[in-house]
Amino acid sequence: MTNTDAEIVRSVMEQWRSAVDAHEPERVASYFTDDAIFQGLHPYGVGPAAVAAYYDSQPIGMTAAYDIRETRRLADDLVLGYLSVAFAFTDRPMVTVNLSVIVRRVGERWLISHYQVSRLA
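In short, a report on the structure. (Residues numbered from 1 in each chain as written. Predicted model: local features only at pLDDT ≥ 70, side-chain atom pairs only at ≥ 80, totals over all residues. Heavy atoms only, no water.)

Some details on the sheet that holds strand 2 (residues 45-46)
Quick reminder of the rule: Strand pairing is assigned whenever DSSP detects at least two bridges linking the two strands. To qualify as a helix, a DSSP run of H or I must reach at least 4 residues; to qualify as a strand, a run of E must reach at least 2; elements of each kind are numbered from the N terminus. The contact criterion used is simple: two residues touch if any of their non-hydrogen atoms lie within 4.5 Å. Fitting a line to C-alpha atoms yields each axis, with helices limited to the stretch in contact; the angle taken between N-to-C directions then spans 0 to 180 degrees.
Strand order in this open sheet of six strands is 2-1-6-5-4-3, and the pairing throughout is mixed. A strand with exactly one partner marks an edge of an open sheet, and here the two such strands are strand 2 and strand 3 (63-75). Relative to the sheet, helix 1 (residues 5-21) contacts strand 1 (32-39), strand 3, strand 4 (78-88), strand 5 (95-106) and strand 6 (109-119), its axis offset from that of strand 3 by approximately 150°. Against the sheet, helix 3 (residues 48-56) makes contact with strand 1, strand 2 and strand 6, and its axis sits at roughly 50° relative to strand 1, the strand it touches most.

Some details on the layout of surface pockets
Rules: In this analysis, the protein atoms alone were mapped onto a 1 Å grid. Cavities are point sets where a 1.4 Å probe fits without being able to get out; pockets are open sets with protein on both sides within 12 Å along at least five of seven lines; lining residues have an atom within 4 Å of a point. Grid points are joined across faces, edges and corners, and a volume is the space filled by probe spheres set on the points. Gly falls in the polar group here, along with every residue not listed as nonpolar (Ala, Val, Leu, Ile, Met, Phe, Trp, Tyr, Cys, Pro) or charged (Asp, Glu, Lys, Arg).
Computed from the structure, the largest pocket encloses a volume of approximately 230 Å³. Around the largest pocket sit 14 residues that line it, and L41, H42, Y54, Q58 and F89 are the ones nearest its centre. Looking at the lining of the largest pocket, the elements with two or more residues in it are helix 3 and strand 6. In terms of residue count, strand 6 provides more of the lining of the largest pocket than any other element does, three residues in total. For the lining of the largest pocket, the residue count by class is nine nonpolar, three polar and two charged.

Notes on the side chain of N98
Threshold: We call two N or O atoms a polar contact when they sit within 3.5 Å, provided that within protein one can donate a hydrogen and the other can accept it, with sequence-adjacent residues counted only if both atoms are side-chain atoms.
Relative to the elements of secondary structure, N98 occurs in strand 5. A distance of 3.3 Å separates polar atoms of two side chains, one belonging to N98 and the other to Y82.

Let's talk about the pairing of strand 6
The two faces of a sheet get side chains in turn, since along a regular strand they alternate between them. Note that strand 1 and strand 6 share four bridges and pair parallel. In the strand pairing of strand 6, Q39 is matched with Q116. Both strand 5 and strand 6 contribute to a ladder of 10 bridges, which runs antiparallel. Note that in strand 6 the partner of N98 across the bridge is S118.

Quick look at the structure:
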């Protein structure tokens, strides 16, 4: 059975969300390709080390809730996901962003190869 594009994106993003919610930056980074381009709300980085550093700098207690808005198959091994993500904090208001990800099949795994956040007005 072949997973739908939405199922592929959901599977990857569930792993990401679980690691973000647990404040486990190295585990978050393990869901990214070695050459992943990562753009959160701070300067961009490339690769898992940049991802881990970014999430290590986030406050403990931050959690993420997401809604997949669209998916598109770009190639056999590439799927685009467009999501709305709400990051909740223990000490400040929630931040809602748009998130575009490209997940790429690497062997038997699907990993994030591009992560681009834009903040909503």
